[in-house]
Structure formats: C-alpha cells, structure tokens
Amino acid sequence: MSTFLRAALSLALVSFVASATLQAQGSQRALGGGCAGRSAPAISGTLVIGSTASIDSPGCFLGQGGFGLLLLGTPLPTAQWIPIPLRSSRRGTELCDLVVLPQAFLEVTALPFPLTVAIPNDPVLRGGAIGLQTLCNECGFAGCFDLLTQGLEIVFG
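Here goes a summary of the coordinates provided. (Residues numbered from 1 in each chain as written. Predicted model: local features only at pLDDT ≥ 70, side-chain atom pairs only at ≥ 80, totals over all residues. Heavy atoms only, no water.)

1. Some words on the side chain of Glu153
With respect to the element layout, Glu153 can be found in strand β11 (residues 151–155). Judged by relative accessible area, Glu153 falls into the buried class, the value being 17%. If sequence neighbours within four positions are ignored, Glu153 has contacts with Ser27, Gln28, Arg29, Leu31, Pro75, Ala129 and Ile130. (Helix = DSSP H or I, 4+ residues; strand = E, 2+ residues; numbered from the N terminus. Buried < 20%, exposed > 50% of the residue type's maximum accessible area, 1.4 Å probe, protein only. Contact = heavy atoms within 4.5 Å.)

Okay, structure coming up:
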C-alpha cells in the first residue's frame, strides 16, 4: 500500500471518528415562540442515550403556589405554531405561541428546577428531534399568571 493511500485512509478514519463523536453528543437549539421576552428551557449534559441531563427553565419564575408543566413532544414548523391567549402579568391577555405538540407532561412545583433526568437507553431516541417547552403558572404579589417559554429542540446522540 502506498504512503499516499495510507495517509488518505488515516485521514478518512480520523475524520469519521471525529464526526461520529460529534454526532454522538446530541444537540439542542432554541425554536422561538412562547410569550414575549421568555427564554427557552436549557439542558446541560451530554445528550446521549443512557446518560443523565439537567433541565432548567430560566424563563419560568415559580413563586409560592406556582408550578410549571414541561411539555415534551414534536417540534412544530413555524407555520403550524398555535397562538394561545394567556393571562399575563405584563399586558393583560397575551398571545403566546405553542411550538411543541405535547405528547407527555411533567409537572414541576416551585423549587425543583433544575431537574435531573435519566435519558432512556433506547436507540429509537437517537437522532430524532424532541421538542421541550414550559407552561408556567407564576405567582407573586399581583396574583398568578400563565406564560409559555420559548421552545427547544433536542436531538439525542
């Protein structure tokens, strides 16, 4: 085998291993939507099946009596976002965009953010897009109000 062919095969192998490693890490990206000025949930961890990750929702401020619902499901294309009127502390009623078609809900009470979750070791999850959005019921001196955070798309490696 020639030196050139060996070098080319070595470079191809290094490139393949590097891309497989990057793909195995998974990814996340903010989708937008939600109520004005609210950030998307944040996930930290490797986003690899069989591992654990931490979910925080910095756009959701849960006070005494407040709660959040983590909406897990299919991310919707922008043209299919669903405007939902919510009673907001900022502007009375506000139209907020639902950007995740929920297929599962996880209720969160006032203090457990960030949540640590186990990512199932299920190969079906690898490479598929999963949407995450938080419906918050925030309580304070002026009463309780509802809002939606921006959506987040997660792809597990």
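Next comes the rest of the write-up.
2. Comments concerning the state of the cysteines
Two cysteines joined by a covalent bond between their sulfur atoms form a disulfide. Throughout the structure, instances matching the rule amount to two disulfides. With a sulfur-sulfur separation of 1.9 Å, Cys35 is cross-linked through a disulfide to Cys96. Looking down the S-S bond of the Cys35 and Cys96 bridge, the torsion is 100°, so its handedness is right-handed. With Cys35 in the loop between β1 (27–32) and β2 (42–45) and Cys96 in strand β6 (residues 92–98), the pair connects residues that are 61 residues apart, well separated along the chain. This pair shows no difference in class: Cys35 is buried, exactly as Cys96 is. In this model Cys139 forms its disulfide with Cys144; the gap between the sulfur atoms is 2.0 Å. (Disulfide = S-S within 2.5 Å.)

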